[in-house]
Amino acid sequence: MKHRAPTLLSALLLLGLSGAALAADRGDRVDARLDRKGERIDARLDHRGDVAGRRYDRAAGVAGRQGHPHLADRLDLRGDRIDASLDHKGDRADRRWDRRGDRFERRWDARG
């Protein structure tokens, strides 16, 4: 029994260290997954804003060619405003998911 104690102690120490490493790895993986989720949401909203901007630009061009300059200006501004709004929403969502991933990673690193 006398020589088992160091073996048991070293086994428990190795188990504790591997648990800390697994916790840190899990924190990194979850952080990366949440970062990717934020980037996907940002890209989707940016794309929606670009599509809306192109549609309103096209409609503004038609209105301008048909002799309605005020309508053309209004449509052009509306398209720009929608594009900027969706870009801003995407950026905010990306930052929010990045912060959530960072918090999760810090929490898991603190466990280990």
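For the structure, check the block above.
All of these numbers come straight from a predicted model, not from anything done at the bench. Throughout, residues of each chain are indexed from 1 in the direction in which the sequence is written. A pLDDT threshold of at least 70 governs which residues receive local features in this predicted model, and a stricter bar of 80 or more applies before side-chain atom pairs are shown or counted, although totals over entire chains, interfaces and linings include all residues. Only hydrogens and water are set aside when side-chain values are computed; all heavy atoms of the structure are taken into account.

Enquirer: Describe the overall build of the protein chain, naming the residues involved and giving the relevant values.
Expert: For the purposes of this entry, the term helix denotes a DSSP run of H or I that reaches at least four residues, the term strand denotes a run of E that reaches at least two, and both are numbered from the N terminus. When helices and strands are counted, the protein chain shows two helices and zero strands. Pairs at least 24 residues apart make up 76% of the contacts formed inside the protein chain by residues separated by at least 6 positions. Surface accessibility follows the Shrake-Rupley procedure with a 1.4 Å probe radius. Residue values consider only the protein chains on display as shielding. Summed over its atoms, the accessible surface of the protein chain is roughly 8,400 Å², and 55% of this surface lies on carbon and sulfur atoms. Any pair of residues with heavy atoms lying within 4.5 Å of one another is described as a contacting pair.

Enquirer: Outline the packing of aromatic side chains, listing residues and values.
Expert: The aromatic pairing rule takes the rings of Phe, Tyr and Trp, using the six-membered ring of Trp, and pairs them if the centres are within 6.5 Å, calling planes under 30 degrees apart stacked, those over 60 edge-to-face and the rest tilted. Summed over the entire model, instances satisfying the criterion amount to one aromatic pair. With a centroid separation of 5.9 Å and an interplanar angle of 40°, the aromatic rings of F104 and W108 are classed as tilted. Of this pair, F104 and W108 both sit in helix 2 (residues 69-111), four residues apart, which is roughly one turn of that helix. In terms of burial, F104 and W108 fall into one category: buried. Cation placement over rings: the criterion is NZ of Lys or CZ of Arg within 6 Å of the ring centroid and within 35° of the ring normal. The ring centre of W97 lies 4.4 Å from the NZ or CZ of R100, which sits over that ring. Exposure classes here rest on a 1.4 Å probe applied to the protein chains alone. A residue is buried below 20% of its type maximum, exposed above 50%, and partly exposed in between.

Enquirer: Give a detailed account of the nonpolar core, specifying residues and quantitative values.
Expert: As used in this record, nonpolar core signifies buried Ala, Val, Leu, Ile, Met, Phe, Trp, Tyr and Cys residues forming a set joined through side-chain atoms within 4.5 Å. Counting residues in each nonpolar core, the largest one holds nine residues, listed as V30, L34, I41, L45, L86, A93, W97, F104 and W108. Those elements giving two or more residues to this core turn out to be helix 1 (4-65) and helix 2. In terms of residues, this core owes the most to one element, helix 2, which gives five residues. For L45, the contacting residues outside a window of four places in its chain are L86, K89 and G90.

Enquirer: I'd like a rundown of a negative patch on the surface, residues and numbers included.
Expert: Excluding any residue in a salt bridge, patches collect residues exceeding 30% relative accessible area, merging like charges within 9 Å and nonpolar Val, Leu, Ile, Met, Phe, Trp and Tyr side chains within 5 Å. Salt bridges are defined by distance alone: a side-chain nitrogen of Lys or Arg within 4 Å of a carboxyl oxygen of Asp or Glu. Asp and Glu count as negative and Lys and Arg as positive, but His and the ends of the chain are not part of the count. Every charge is mapped onto a representative atom, which is NZ of Lys, CZ of Arg, CG of Asp or CD of Glu. Together, D57, D73, D76 and D80 line one region of the surface with negative charge. Here the negative patch takes three residues from helix 2, the largest share from any one element. Along the chain, the position of D80 falls in helix 2.

Enquirer: Tell me about the side chain of D83, and name the residues and values.
Expert: With respect to the helices and strands, D83 occurs in helix 2. Put simply, D83 is tucked away with no salt bridge, and the nearest opposite charge, on R54, sits 8.5 Å away. Excluding anything up to four places from it in sequence, D83 contacts G49 and D50.

Enquirer: So what's going on with the side chain of D94? Residues and values would help.
Expert: Topologically, D94 is positioned in helix 2. The buried charged residue D94 lacks any salt bridge, with R95 as its nearest oppositely charged partner at 7.4 Å. For the purposes of these results, a polar contact is taken to be a pair of N or O atoms within 3.5 Å, where, inside protein, one atom must be able to donate a hydrogen and its partner to accept one; residues adjacent in sequence count only when each atom of the pair is a side-chain atom. Looking at D94, its side chain comes within polar contact range of the main-chain nitrogen of E39, at 3.4 Å.

Enquirer: Lay out the environment of R100 in plain terms, naming residues and giving numbers.
Expert: Its place among the elements puts R100 in helix 2. Between the C-alpha atom of R100 and that of D31, which follows or precedes it by 69 residues, the distance is 7.9 Å.

Enquirer: Give me the environment of R36: which residues, what numbers.
Expert: With respect to the element layout, R36 can be found in helix 1. Distance from R36 to W97, taken between C-alpha atoms, is 8.7 Å for residues 61 residues apart in sequence.

Geometry only, nothing functional implied.
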